[in-house]
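Survey of secondary and tertiary structure
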Amino acid sequence: MGADSVITGIDVVRLPLNLPLRCRCGRVRGVASDISPSSGIRFVCYCKDCQAFARFLERPDVLDPGGGTDIFQMPPRRVKLTAGTDAVRCLRLSKGVLRWYTDCCRTPIGNTAAGPRFPVVALIHSFIDHEAVDHSRDEVLGPPICRIHERSAIGPLPPNAPTRASLGVFTRRASKILGWCLRGLGRPTPFFDDFTKAPLSAPRVLTRSERAVLYYTGGAVT
Ligand SMILES: [Zn+2]
Ligand SMILES: [Zn+2]
């Protein structure tokens with residue numbers, strides 16, 4: 001089913017498009033504007049924090065079989081939350097990164113830096129409503145350009161896993177982010193108050209025993 005979805009033939013995707021954002025239950029909604037493969041950077045992250053986040057939310061379905069999270073990094077100004085912002089929460093697993101989710105139905109939204117200055121929102125696929133636009137992730141966002149932290153994978157990577165990140169990918173990402181800054185797309189961000197810089201919701205920090213449950217230690221792959 002999934003592999004065939006890229007063969008669309010007659011069905012033309014008009015890009016860029018405005019992509020609806022939606023939690024599983026529909027209470028938290030938003031829109032990502034001007035989306036096309038060149039409007040962001042899509043990759044798959046196998047890091048332990050991304051995996052722990054999915055486990056914290058009891059949403060292992062968000063991860064691929066290797067424990068990877070499909071992420072689309074884009075400029076904050078193009079992300080708007082239009083409903084249910086009172087149900088938005090965040091978790092801090094490591095210093096410097098806030099992981100946003102919805103309290104209503106435990107849907108991962110995405111990741112940001114700990115403050116509003118770093119001009120990137122990393123949207124997680126679970127918050128993107130691809131059904132609403134009737135086009136696959138690959139059609140709208142382009143295929144993932146790389147994978148990162150695959151040494152922390154919890155199982156064999158899926159056969160369609162993207163290649164390792166090359167130096168070229170990092171340079172491309174850096175120049176894209178610089179471009180977003182120069183074009184004023186770095187702010188405002190829906191996750192922080194533009195004036196006070198306070199996060200939309202106070203970050204939750206886990207206790208040591210809560211963390212111990214979430215971090216996978218059983219695998220041979222480290
Ligand atoms: Zn919800
Ligand atoms: Zn990660």
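Refer to the structure presented above.
The shown structure was predicted, so the numbers you read here are calculated from the model rather than taken from an experiment.

1. Overview of the coordination of the zinc ion (ligand 2)
At 2.2 to 2.3 Å from the zinc ion (ligand 2) lie its protein donor atoms, namely Cys45 (SG), Cys47 (SG) and Cys50 (SG). For the zinc ion (ligand 2), all donor residues lie on one chain, and their spacing in sequence is C-x1-C-x2-C. Classification of cysteine 45 by relative accessible area gives buried; the value is 5%. Among the residues examined, cysteine 50 registers a relative accessible area of 5% and is labelled buried.

2. Describing unusual backbone geometry
In this model, leucine 15 is joined to proline 16 through a cis peptide bond whose omega is -5°. Along the chain, arginine 187 connects to proline 188 via a cis peptide bond; the corresponding omega equals 0°. The phi torsion at aspartate 34 lies on the positive side, around 60°, for a residue other than glycine.

3. Here's the deal with the coordination of the zinc ion (ligand 1)
All of the protein donors around the zinc ion (ligand 1) are Cys23 (SG), Cys25 (SG), Cys104 (SG) and Cys105 (SG); their distances to the metal are 2.3 to 2.4 Å. Considering all 4 donor atoms around the zinc ion (ligand 1), the spread of angles at the metal, 104 to 118°, places the coordination shape in the tetrahedral class. Sequence spacing of the donor residues for the zinc ion (ligand 1), all on one chain, is C-x1-C-x78-C-C. With cysteine 23 in the loop between β1 (17-22) and β2 (29-35) and cysteine 105 in the loop between β7 (97-102) and β8 (108-113), this pair connects stretches of sequence that are 82 residues apart. In this structure, cysteine 23 and cysteine 105 share a single accessibility class: buried.

Rules used in this analysis
Residues numbered from 1 in each chain as written. Chains lettered and ligands numbered in written order. Predicted model: local features only at pLDDT ≥ 70, side-chain atom pairs only at ≥ 80, totals over all residues. Heavy atoms only, no water. Donors = N, O, S within 2.8 Å, 3.2 Å for Na, K, Ca; no water. Buried < 20%, exposed > 50% of the residue type's maximum accessible area, 1.4 Å probe, protein only. Tetrahedral: all angles 85-135°; square planar, octahedral: opposite > 155°, others 65-115°. Helix = DSSP H or I, 4+ residues; strand = E, 2+ residues; numbered from the N terminus.

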